[in-house]
Amino acid sequence: MMRIAVLGTGLMGFPIARRLCEAGHQVSAWNRSRDKAERLRANGARVAERPADAVGDAEVVVGTLENGRVMDEVLFAQGAADACPAGALVIDMASTRPAEARSQAGRLAQRGVAHLDAPVSGGTVGAENGTLAIMVGGEAADVARAAPVFDCLGRVTHVGGHGAGQTAKLANQMIVGITIGAVAEALLFAERGGADMAKVREAISGGFASSRVLELHGQRMVERDFVKRAAMTVQLKDMRNALATAQEIGFDAPICTLFERLYADGVEHGDADLDHSGLFMELARRNGMT
């Protein structure tokens, strides 16, 4: 059993915190909108008024905040980092830029606090079921001592030093975002050519074109079901973070550049509140197929 503070109890943070409670850990929770943290009282969590109050006796601090800027704000402007006990471990499970992760790790180390960047893939379903894919950057010893946390949440792969977890997550998001576009364009192409979109998806499943995106997001496209699970705006943020990181490391990413523009156009044309599979709507709009 560990003393764990969870900072951020929204779409991902709530099921993560709940699983930690259910595993028997002592959880303290904080969220900017307190009502989202209050839901965890039924699972035995303590609800804190401020981030600093949540982390005061924590062995591990799990951050599931919106982005690196918000994580910086909570850690260093709102006092959570200074309130962490010496030797505590901060695990940032949000999607941020690798450079932000390395900066946070350095500033925490100056306070005697360890850091892992551990973004996840699998969405809210993975968080609820404990089947997240967790990509971790940091020291191997810290990954080992975080095992009681990670074991509740999914499958862990240690991919390198500080920032490497975020780099892996950006690679994941590049593949997801680009593949959504490929599936959407292909299905729309098939429909314009006179084929049944649902039957085309069925026909190519199991061949070389098969993928989780074709299976799940392709079905959403067939059904025009774009209720938000992972948002267009979040996918756009991830593509922009990937491009910013590519510029930092001197890497040319022309395919990601194209898809950043497509997601941005979709958001600008009113699709911001759609699931990221809603890129289908932007491509349909371009072809007069809405």
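Reading guide: rules and limits
- Residues numbered from 1 in each chain as written.
- Predicted model: local features only at pLDDT ≥ 70, side-chain atom pairs only at ≥ 80, totals over all residues.
- Heavy atoms only, no water.
- Salt bridge = Lys/Arg side-chain N within 4 Å of Asp/Glu carboxyl O.
- Buried < 20%, exposed > 50% of the residue type's maximum accessible area, 1.4 Å probe, protein only.
- Helix = DSSP H or I, 4+ residues; strand = E, 2+ residues; numbered from the N terminus.
- Phe/Tyr/Trp six-rings, centres within 6.5 Å; stacked < 30°, edge-to-face > 60°.
- Lys NZ or Arg CZ within 6 Å of the ring centre and 35° of its normal.
- Disulfide = S-S within 2.5 Å.

## Here we look at the pattern of salt bridges
Here is step 1 of the chain: In this structure the tally under the stated criterion is 21 salt bridges.
Here is step 2 of the chain: A salt bridge links Glu-38 to Arg-41, with the shortest nitrogen-to-oxygen separation between them at 2.5 Å.
Here is step 3 of the chain: Taking relative accessible area as the criterion, Glu-38 reaches 27% and is therefore assigned partly exposed.
Here is step 4 of the chain: Residue Asp-265 pairs with Arg-286 through a salt bridge whose shortest N-O separation is 2.6 Å. Note that Asp-265 is positioned in helix H14 (residues 254-271) and Arg-286 in helix H15 (residues 279-286), a separation of 21 residues in sequence.

## Some details on the packing of aromatic side chains
Here is step 1 of the chain: Considering all chains together, one arrives at 1 aromatic pair under this definition.
Here is step 2 of the chain: Ring centres 5.8 Å apart and planes at 35° place the aromatic pair Phe-226 and Phe-280 in the tilted group. In this pair, Phe-226 sits in the loop between helix H12 (212-223) and helix H13 (232-249) while Phe-280 sits in helix H15, placing the two residues 54 residues apart along the sequence.
Here is step 3 of the chain: With relative accessibility at 9%, the residue Phe-226 sits in the buried group.
Here is step 4 of the chain: For Arg-39, the ring lying beneath its charged end belongs to Phe-14, and the centroid distance is 4.0 Å.

## A word on the state of the cysteines
Here is step 1 of the chain: Summed over the entire model, instances satisfying the criterion amount to 0 disulfides.
Here is step 2 of the chain: Sulfur of Cys-152: no disulfide; nearest cysteine sulfur belongs to Cys-21 and is 10 Å away.

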